[in-house]
Amino acid sequence: MSDKSHSDQSLVPGTPHISSRRFSASLVWLVPIAAALIGLSMVIHSWLSAGPKITVSFETAEGLEANKTRVKYKNVIIGTVTGIGLSDDRSQVNATIELDAAAKPFTTEDTLFWVVRPRIGASGVSGVDTLFSGAFIGADAGHSAQTTNKFVGLESPPPVTYGEKGKHFFLHTDDLGSLDIGSPVYYRRIQVGQVISYQLSPDGKGVDLQIFINSPNDAFVFDDTRFWNASGIDVTVGASGVKVDTESLSSILAGGIAFREPNYTPNAKLADANQKFALFDDQKTALAPPDGPAHYIRMRFDQSLRGLSINAPVEFLGVEIGKVVSIDMDYDDKTQHFPAVVGALIYPQRLGSAHEKLVRKFGKDNEERSARLLQSLIEHGLRAQARTGNVLTGQLYISLDFDSTAKKVKFDVAARPLEVPTVPGSFDKLQEQLQAMVDKISKIPIDSIANNLDGSLKELQRTIKQFNSDTLPQINVTLDQARKALERASETFSDRSPERQQLGQAMDEVQRTARSVRLLTDFLSRHPESLIRGRSADRTTEPFDIQMEPQQ
Amino acid sequence: MNLPPYASELQLCLCHTCGYACPVDAHRCPRCDSMIHRRKPDSISRTWAFLVASLIFYIPANLLPVMFTDILGHGSENTIMSGVLEFWEAGSWDIALVIFIASVVVPCMKFSLLALLLITCQRRSRWAMRERSRLFRFVELVGYWSMLDVLVVALVAALVQFRALSTIEPRLGILFFGLVVVLTMFAAMSFDPRLIWDAEVDDVR
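Residues numbered from 1 in each chain as written. Chains lettered and ligands numbered in written order. Predicted model: local features only at pLDDT ≥ 70, side-chain atom pairs only at ≥ 80, totals over all residues. Heavy atoms only, no water.

Topic: the overall build of chain B
Scanning chain B from N- to C-terminus turns up 7 helices and 5 strands. For chain B, the sequential pattern of α-helices and β-strands runs β-β-α-β-β-α-α-α-α-β-α-α. Going through the 205 residues of chain B one by one, you find that 40% of them count as buried. Partitioning the intrachain contacts of chain B with sequence separation of at least 6 by distance along the chain shows that 64% fall at a separation of at least 24. Carbon and sulfur atoms make up 67% of the accessible area of chain B, which amounts to about 11,500 Å² in all. (Helix = DSSP H or I, 4+ residues; strand = E, 2+ residues; numbered from the N terminus. Buried < 20%, exposed > 50% of the residue type's maximum accessible area, 1.4 Å probe, protein only. Contact = heavy atoms within 4.5 Å. Areas by Shrake-Rupley, 256 points an atom, 1.4 Å probe, with all protein chains shown as cover.)

Okay, here's the thing in structure tokens:
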């Protein structure tokens, strides 16, 4: 039946059905093409975004993990550690790092890499967040034009990152002390910078330090600013007593540098970056005015110089103008004495404006001029004297002072070194005066005084004995009688005595009498006529009331 | 031959939608008015297309990380295989095995089985036709179990959000893996198992 209908239908010419399947069949292939395009684009993207591959060597791989440890700059991930291996000689660890494409600047030669781990040091605690998150590698891009793919990692974070605002300065010092990288730099006890690096100077006779002062405080560094080592506690025991000085608690432990401009700086200019400065040992020497050239003088003392030490001050009229540099013994053949020879350096420039005037008068500062100047001063009585600076510690200092009573001495202008005449020290003078006093005391006739005194004392003793034996018993008797008399008197006045009672009754009588008299005067004042007429009967009702005083 | 007659011999074809046996020259099913074809149209080329697409996507699905876990600030990204290895090394071999079967064995098996079916059909091979059709039913059955991975990542990422303590986030790899699963299912759907038996007769298509 179906065959029949089918054949019937086929006889009728109909519109042929045109299939368009062929087109849609190929349309399905768009799916794998799209997939392939997506895949390809991802490959291209990863190929384009793949950054440089670098190797950084570290001392240890502690905390580093391949494919886990990140490389961060300002806490932004810029790469990943993809592999950790030992170097060929097994002394180093090489970490292979794949940086992001955007991290290209981190391949410049002076880029720094370091491992950020938790650190506890004298100058603080850092990297606490890495306790949980694990270590990461910190990076800091450099400025060099050269690029490389091999780096040596730092063992500790660099104290200053590139691009931080501020200025670098160089300091030169004799020894490093307790300074270290990262030691703070203080300005008026506020931390404004830190030590970045240090190294021996090329000739090995000193240390060159590099410090960094953060902006805006770098504007306080002038070309005449003085830097000094503020490490530890500065205890000075000198002629001026005991002095303890320190910058801060952390500088005691970690060391530190302090700086300040001198007290009077009329035309100071801002210091340039990378300027060189000297690093002084302490604040006092740093802030002292420039010394200028030194002159060597010698003094000969005929006394013990116990308490005089090297570096003891030399003062001229109270102004410290130099220091003792040598103390020597000499032997004088003629007198068979051992005089002490003290050498000292004096800095004429420390005299300030006096020095300038002297320069104007005597000409330029040189040995010849100093000799002539000294000669004139000595003629006016200039003498050196070892004086006690501190009675407690017994420290001595050398004082150059004018002594008008001093004997004239001959001064050799041509002699080198220049020799300053001396007078005995203040203690020596004191000793002489004491001696004189002792002499005077010894002249007093103590023996005869004692004899006289002894006789007087004996006389006095006798007198007292007589007094005790004769006078004292009589006084006792007299006192006894007096006491008895007083007792009797007090009995008479006691409450129970009949005299007292009689006296009381007498007083009552007197009182009653006084009352009657008052009543009478009252009555009379109201009824004066009664004096003449007598008392009227009706007035008896008047309100008087005579109260009897209660009987005792 | 005592085989039952083929529909084509009887000038009949089956409606895909309602299963009505329609005359061969009809364009639409007389009962449900859907398009009728003797076989699924372009079955082999469509299956190939989906299969190739899913194969392409399978590469990024395995290379890209599927999950980002951040526990106490210690973040890490895991691909499928690295996750399997991590579980295996941690000693939980059973979990590693489940993940491995669901995300590696099943998709790979589907690729190879579908490719085998397609090639044998194209070559009109008469080899093990009954077993091959059984294989196809197996492929269809096992197909959606590969979505296990996608589900696990979606669930875990939604549940584990404790800010600083721990967070889990899905990564791009899981999207590709989901696409792989969907595309292989499309491939299996567009394959017409009757093509296996068409090898018995020469004049089909």
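Past the structure itself, the notes keep going.
Observations concerning the confidence of the model for chain B
Residue and element names in this part refer to chain B. In the predicted model, chain B carries a mean pLDDT of 85, and the fraction of residues at 70 or more is 96%. For chain B, strand E4 (residues 74–78) is the element with the lowest average pLDDT, namely 77, and helix H6 (residues 172–190) is the one with the highest, namely 91. The ipTM for the predicted assembly is 0.80, set against a pTM of 0.49. (pLDDT = per-residue confidence, 0-100.)

Some remarks on the interface of chain B and chain A
Contact residues are listed per partner, giving 26 residues for chain B and 17 residues for chain A. Around 1,800 Å² of area is buried between chain B and chain A when both sides are counted, 70% of it from carbon and sulfur atoms. Taken together, the links from chain B to chain A amount to 0 salt bridges. Linking chain B to chain A there are 0 residue pairs in polar contact (both at pLDDT 80 or more). Put simply, the parts of the chain that give the side of chain B that touches chain A at least two residues each are helix H1 (43–63), E4 and H6 of chain B. Residue contributions to the side of chain B that touches chain A peak at 10 residues, all from H1 of chain B. Across the side of chain B that touches chain A, the residue classes tally to 15 nonpolar, 7 polar and 4 charged. (Buried area = accessible area lost by both parts, 1.4 Å probe. Salt bridge = Lys/Arg side-chain N within 4 Å of Asp/Glu carboxyl O. Polar contact = N/O pair within 3.5 Å; in protein donor to acceptor, adjacent residues only side chain to side chain. Nonpolar A, V, L, I, M, F, W, Y, C, P; charged D, E, K, R; others polar.)

Observations concerning the UniProt feature "transmembrane region" (unreviewed entry) in chain B
Residues and elements named next belong to chain B. Residues annotated in UniProt with the feature "transmembrane region" (unreviewed entry) correspond here to residues 48–68, 95–120, 141–160 and 172–191. When the span residues 141–160 is considered, its composition is 80% helix and 0% strand, and the gap between its end C-alpha atoms is 31 Å. As a span, residues 172–191 carries 95% helix and 0% strand, and end to end its C-alpha atoms are 29 Å apart. (UniProt positions renumbered as here; feature names shortened; annotations may be inferred.)

Regarding the packing of aromatic side chains
Geometrically, a pair of aromatic rings is defined through the distance of the ring centres and the angle of the planes. Within this structure, the stated rule accounts for 13 aromatic pairs over all chains. Summarising the aromatic geometry, the rings of phenylalanine 227 of chain A and phenylalanine 259 of chain A are spaced 5.2 Å apart at their centres and angled 40° between planes, so their arrangement reads as tilted. One end of the pair, phenylalanine 227 of chain A, is in strand E14 (residues 226–229); the other, phenylalanine 259 of chain A, is in strand E17 (residues 257–260), and 32 residues separate them in sequence. Phenylalanine 259 of chain A matches phenylalanine 227 of chain A in its accessibility class, with the two residues each being buried. Ring geometry for tyrosine 58 of chain B versus phenylalanine 111 of chain B: centroids 5.4 Å apart, planes at 75°, classification edge-to-face. Linking tyrosine 58 of chain B in helix H1 with phenylalanine 111 of chain B in helix H3 (residues 93–122), this pair joins segments that are 53 residues apart in sequence. Judged by relative accessible area, which is 11%, tyrosine 58 of chain B ranks as buried. Its relative accessible area of 7% is what places phenylalanine 111 of chain B among the buried residues. Feature note: the residues Phe169, Tyr187, Phe220, Phe227, Phe259 and Phe277 of chain A constitute an aromatic cluster, connected by ring pairs. (Phe/Tyr/Trp six-rings, centres within 6.5 Å; stacked < 30°, edge-to-face > 60°.)

Points about the UniProt feature "transmembrane region" (unreviewed entry) in chain A
As recorded in UniProt, the sites labelled "transmembrane region" (unreviewed entry) are residues 27–48 of chain A. Within the segment residues 27–48 of chain A, helix and strand shares are 91% and 0% respectively, and the terminal C-alpha atoms sit 31 Å apart.

Digging into the environment of tryptophan 48 of chain B
Within the secondary structure, tryptophan 48 of chain B sits in helix H1. Sequence-wise, tryptophan 48 of chain B and leucine 118 of chain B are 70 residues apart; in three dimensions their C-alpha atoms are separated by 7.6 Å. In this structure, tryptophan 48 of chain B is in contact with Trp29 of chain A together with Ala115, Leu118, Ile119 and Gln122 of chain B, ignoring residues within four places of it in sequence. A polar contact is formed between the side chain of tryptophan 48 of chain B and the side chain of glutamine 122 of chain B, at a distance of 3.3 Å.

Quick notes on the sheet that holds strand E18 (residues 276–280) of chain A
The strands that make up a sheet pair up through hydrogen bonds in the backbone, lying either parallel or antiparallel. All names here are of chain A. The 7 strands lie next to each other as E10-E13-E12-E11-E17-E14-E18, forming a closed barrel whose pairing is mixed. On average, each strand axis in the sheet is inclined to that of its neighbour by 35°, with strand direction left out of account. Note: E14 against E18, 2 bridges, orientation parallel. Following the sheet pairing, tryptophan 228 is matched in E18 by phenylalanine 280. (Pairing = 2+ DSSP bridges. Axes fitted to C-alpha atoms, helices over the stretch in contact; angles between N-to-C directions.)

So, the sheet that holds strand E4 (residues 93–100) of chain A
Residues and elements named next belong to chain A. Pairing is mixed across the open sheet formed by 7 strands, whose spatial order is E5-E8-E2-E3-E4-E1-E9. Edge positions in the sheet fall to strand E5 (112–116) and strand E9 (150–152), since each of these pairs with one other strand and no more. Neighbour-to-neighbour, the strand axes of this sheet turn through a mean angle of 35°, independent of strand direction. Sheet analysis places strand E1 (residues 50–58) next to E9, joined by 3 bridges and oriented parallel. Of the residues in E9, the one forming a bridge with valine 56 is phenylalanine 151. Sheet contacts for helix H3 (residues 30–49): E1 and E4; angle to E1, the most-contacted strand, approximately 45°.

So, the pattern of salt bridges
All names here are of chain A. Applying the stated criterion across every chain, the model contains 14 salt bridges over all chains. The residue arginine 298 makes a salt bridge to glutamate 419 at a minimum N-O spacing of 3.6 Å. Of the two residues, arginine 298 sits in strand E19 (residues 295–301) while glutamate 419 sits in strand E25 (residues 418–420), which places them 121 residues apart along the sequence. For glutamate 419, a relative accessible area of 29% gives the class partly exposed. Arginine 387 is the partner of aspartate 401 in a salt bridge, and the nearest nitrogen-oxygen pair spans 3.2 Å. Note that aspartate 401 is positioned in strand E24 (residues 395–402) and arginine 387 in strand E23 (residues 382–390), a separation of 14 residues in sequence. Looking at arginine 387, the relative accessible area reads 24%, which means it is partly exposed.

Things to note about the side chain of arginine 132 of chain B
Structurally, arginine 132 of chain B can be placed in helix H4 (residues 129–143). For the buried arginine 132 of chain B, which has no salt bridge, the nearest side chain bearing the opposite charge is glutamate 131 of chain B, at an N-O separation of 8.1 Å. (Lys, Arg positive; Asp, Glu negative; His and termini not counted.)

Quick look at H3 of chain B
All names here are of chain B. Its 30 residues give H3 an end-to-end C-alpha distance of 41 Å, which sits within 8% of 44 Å, the value for a rise of 1.5 Å per residue. Considering bend angle alone, the principal kink of H3 is centred on isoleucine 101 and spans about 40°. Backbone geometry just downstream of H3 places arginine 124 in the positive-phi region, at approximately 55°. (Expected span 1.5 Å × (residues − 1). Bend = angle between axes of the 7 residues up to and from the residue.)

Observations concerning unusual backbone geometry
All names here are of chain A. Cis geometry is found at the peptide bond from serine 215 to proline 216, where omega equals 5°. Structurally, proline 216 is set in the loop between strand E13 (207–214) and E14. We note that arginine 90 has phi near 60°; this positive angle belongs to a residue other than glycine. Looking at where arginine 90 falls in the secondary structure, it is placed in the loop between strand E3 (76–86) and E4. Its relative accessible area of 65% is what places arginine 90 among the exposed residues. Positioned with a positive phi, leucine 317 is a non-glycine residue whose angle comes to about 55°.

Let's talk about the packing of helix H5 (residues 147–159) of chain B against H6 of chain B
Residue and element names in this part refer to chain B. Contact geometry of H5 with H6 gives a least axis separation of 9 Å together with a crossing angle of 145°. Note that H5 runs across H6; the crossing there is left-handed. The segment H5 lies against H6, with Met147, Asp149, Val150 and Val153 engaging Ile174, Phe177, Gly178, Val181 and Val182. Looking at the contact of H5 with H6 residue by residue, the classes come out as 7 nonpolar, 1 polar and 1 charged. (Left-handed = near helix turned anticlockwise from the far one by under 90°.)

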